[in-house]
Structures are given as C-alpha cells and as structure tokens.
Amino acid sequence: MGIVRLEETQKAELEEFRRMLLSCAAVHRRKVDDGFRGQENAVPAGNGDVLDRLVCVTSGVSYLGIAIVNQLLVNGYSVRIIVDNEDVEKLREMGNSGEMRLNNSFVEVVMAKLTEVESLTEAFDGCRGVFHTAAFVDPAGLSGYSKAMADIEVNASKNVIKACGLSPSVRHCVLTSSLLTCIWRENPPDETSNVIDHKCWSDESVCLNKKLWYALGKLRAEKAAWDIAKQSGLKLATICPGLITGSKFYERNPTFTIAYLKGAQEMYTYGLLATVDIDKLAKAHVRVFEDMKKTATGRYICFDQVIEREDEVEELARETGINASSIAGGASCSNRPRYELSNAKLTRLMLRTRRCPIE
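Residues numbered from 1 in each chain as written. Predicted model: local features only at pLDDT ≥ 70, side-chain atom pairs only at ≥ 80, totals over all residues. Heavy atoms only, no water.

Colleague: How do you make sense of empty space enclosed by the protein when you look at a structure like this?
Modeller: A water-sized probe, rolled over the atoms, reveals where empty space remains. For the structure shown, the criterion picks out 1 cavity of 30 Å³ or more. Estimates place the volume of the largest cavity at around 40 Å³. In this structure, the largest cavity is lined by H132, T133, A134, E153, S157, L175, T176, K218, A221 and E222. Elements that contribute at least two residues to the lining of the largest cavity include exactly α5 (147–166), β6 (172–176) and α8 (213–232). Residue contributions to the lining of the largest cavity peak at 3 residues, all from α8. Considering only residue class, the lining of the largest cavity consists of 3 nonpolar, 4 polar and 3 charged. (1 Å grid on protein atoms, 1.4 Å probe; cavity = no way out; pocket = protein on both sides within 12 Å on 5 of 7 lines; lining within 4 Å. Points joined across faces, edges and corners; volume = space filled by probe spheres on them. Helix = DSSP H or I, 4+ residues; strand = E, 2+ residues; numbered from the N terminus. Nonpolar A, V, L, I, M, F, W, Y, C, P; charged D, E, K, R; others polar.)

Shown next as structure tokens:
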C-alpha cells in the first residue's frame with residue numbers, strides 16, 4: 001500500500017506541476033495582453049540576460065517546491081529544478097513540448113544527487129541563488145520520518161551548502177528549516193522568557209529524549225548549514241515555517257505533516273502549534289531571497305495562524321484525518337502559561353515596498 005500511495009503522490013505532484021505551469025503561462029499572457037510592464041516583472045537596468053536571473057530549487061516537484069517555482073516564475077525568474085529519480089524524463093517531455101517556457105522565463109530539469117557535492121556543484125552552475133526545500137522522501141511511504149531520515153536531512157543540507165560555496169555563480173541560498181527548530185525547550189514558559197522568535201533555538205537533548213526526529217533533523221541540518229556558510233562566506237537565510245497547510249496539504253505532503261505533528265499536544269498546550277499557508281510561505285521565500293542583496297539575512301519565523309480554539313483543532317483533525325484528541329489531548333491552552341510566537345522580523349520585511357528581482 002505504501003509504494004502504491006507514493007506512486008500516486010508522485011503522479012499527483014507532476015500533474016500539479018503541469019497545472020502550475022499552465023497557470024503561470026496564462027498570467028503572463030494576460031499581462032502581455034494588458035500591456036502590463038509593472039515592477040513585479042521588471043528587469044534591473046543592464047540585466048537583460050535571462051541567465052542572470054536563473055535560480056535553482058531542490059525538490060522542485062514537491063508540495064513546497066512547486067509553490068516556490070510558481071512564485072519565482074510569476075516574478076520573472078528562470079528556474080532549474082533538481083530531481084534524482086525517474087521524474088526527470090516526464091519533466092523533460094514537458095520541456096520538449098514547450099510547456100516549461102514562459103515568455104522570457106523558463107524551467108529546466110537536471111539530475112543531481114543530494115548525496116554528492118560534485119553533482120550539486122555542477123547542477124548549480126550558472127545559478128545566482130539556490131532554494132533548498134527538502135532532503136528526503138520516504139521511499140516506500142511506510143516508515144514515516146525516522147531517526148535515519150534525520151541523518152539524511154543533515155547530510156543533504158551540508159552537501160547543498162558546500163556546493164553553493166564552491167559554485168562560482170551562486171551568491172545566495174535560502175534554506176527551508178522549521179519552526180520546530182525554535183520551540184522545543186526543557187523548561188515551560190514563564191513571565192521572563194515567554195517569547196519565541198528567530199533568535200531562539202530548540203534544545204537538541206529535548207528532541208532526542210522525546211524522539212522528535214523531524215525537529216531533530218531540521219535542527220541539526222540548519223545548524224550545520226550555518227556553520228558551513230560562515231566558513232565559506234556564503235550568504236545564507238533560513239525560513240522556519242509552522243505546519244505547512246493549503247489545498248490537499250495532507251494528501252500531498254503526508255510524511256512531513258505527520259512528522260511535524262509529533263508532540264502536537266504539548267505544542268497546543270503551550271501556544272506553539274502554528275500553521276502557514278503554502279502560498280504565503282512560497283512568497284516569503286522569494287521575498288527573503290530578493291532582499292538578501294541588501295538587508296535580509298539570518299533566520300525568519302513564518303506562520304499565519306496559531307491553533308488555539310477547539311474548532312481550529314477540529315478543522316486540523318478533519319484535514320489530516322488525525323483524531324482531535326491526538327492534537328489537543330483534551331487539554332485547554334487558555335488556562336496554562338503560554339509562549340508567544342513572534343514572526344515580527346519576517347512581517348517587517350514583507351511589508352516593505354517590493355524591489356526588483358535580485359541582480
């Protein structure tokens with residue numbers, strides 16, 4: 001059942017990718033028909049070569065990857081997608097048919113292994129930036145996110161950052177981390193330390209003791225990425241999203257949804273169970289990348305809702321098929337000390353006037 005489920009998910013993602021391309025093409029056509037020449041697709045002066053706006057997305061045919069590729073294309077970027085399986089032939093067929101070229105933007109597909117720095121360095125050649133979204137997909141759709149997957153997550157992130165540092169063309173990298181890298185602590189909230197923001201880090205020993213393998217994998221991967229980026233001089237930004245939601249999010253992203261919700265009762269109790277819409281998250285990735293030439297750097301917490309009420313718990317339970325008691329445990333989060341999640345850093349950035357794409 002697991003293998004069949006995975007094949008169905010892969011087919012669904014490829015079909016969603018095709019729909020995304022057709023949607024982007026329609027948007028471009030409307031802009032041309034309307035004589036649109038607004039800033040959203042403006043090319044900076046002296047930057048007429050489309051290759052100067054080429055970026056790479058790892059796991060581009062995934063739930064988050066597709067959303068990021070969509071936002072990049074809408075904003076006038078050309079995108080190189082890394083795949084390491086049989087999907088490459090299906091995507092190349094789409095490329096040969098012309099479906100993956102949109103006005104002055106295009107999508108291309110390359111084979112590369114996240115386990116090989118040399119392979120990634122070659123894949124990044126000519127790209128100005130890299131979006132590293134995910135490291136691993138459960139090959140049989142059965143095991144869930146295990147401790148072994150956490151190790152793979154860390155090694156893949158190390159390889160991506162090393163390759164970015166070795167590439168003569170890559171200037172910036174945006175890594176998708178997780179809010180879980182910020183929230184898991186030994187002590188409950190108190191009046192003196194109840195705010196959790198981009199400066200906070202989870203306690204690795206807590207993740208180990210509670211067997212929170214997804215949190216552990218993301219935590220170790222992000223810390224390793226920062227260490228390597230500092231050594232190589234690569235400009236890095238990380239985005240730490242809450243549980244990613246959106247259209248059919250559980251159906252299309254089951255392994256990571258289940259992995260994220262491990263420990264949901266405790267997160268709910270302390271006001272830490274947050275979600276973010278997939279499209280808002282993708283826009284945040286592109287916006288952070290565009291601002292990295294100037295001020296954007298460091299970590300950014302990204303969420304748009306904190307689950308606090310019973311009806312919100314019930315809605316999440318319906319969407320995931322998980323029992324509501326597994327999320328809330330029958331506890332109320334209103335009469336306990338609670339943390340306050342802050343995404344103020346990202347909010348300030350998103351409210352600024354949008355600049356032209358990065359040079």
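Colleague: Looking at this structure, how should I read the packing of aromatic side chains?
Modeller: One pair of aromatic rings is described through two measures. These are the centre distance and the angle between the planes. Here the structure, examined in full by the defined rule, presents 7 aromatic pairs. Here the aromatic rings of Y77 and F289 are separated by 6.0 Å at their centres, their planes lie at 65 degrees, and the arrangement is edge-to-face. Residue Y77 is located in the loop between α2 (63–74) and β2 (78–83), and its partner F289 is located in helix α12 (residues 278–291); the two are separated by 212 residues in the primary sequence. Each member of the pair Y77 and F289 is classed as buried. (Phe/Tyr/Trp six-rings, centres within 6.5 Å; stacked < 30°, edge-to-face > 60°. Buried < 20%, exposed > 50% of the residue type's maximum accessible area, 1.4 Å probe, protein only.)

Colleague: Looking at this structure, how should I read the nonpolar core?
Modeller: For soluble globular proteins, the rule of thumb is that nonpolar side chains tend to be buried together. Judged by nonpolar contacts, the single largest core of 77 residues is most densely connected at L72, I183, W184, M267, V288 and L341. For V288, the residues in contact, after removing those within four places along its chain, are A237, I239, A296, Y300, L346 and L349. F106, L120, V160 and A225 belong to the second-largest nonpolar core, a separate cluster that totals 26 residues. (Core = buried A, V, L, I, M, F, W, Y, C linked by side-chain atoms within 4.5 Å. Contact = heavy atoms within 4.5 Å.)

Colleague: Sorry, what's going on with unusual backbone geometry here?
Modeller: Only a minority of non-glycine residues have a phi that is not negative, and only a minority of peptide bonds are not trans. One non-glycine residue, K211, lies in the positive phi region at around 55 degrees. Positionally, K211 belongs in the loop between α7 (204–209) and α8. The backbone of K248 shows a phi angle near 50 degrees, a positive value even though the residue is not glycine. Relative to the assigned elements, K248 resides in the loop between β9 (243–245) and α9 (249–252). With relative accessibility at 55%, the residue K248 sits in the exposed group.

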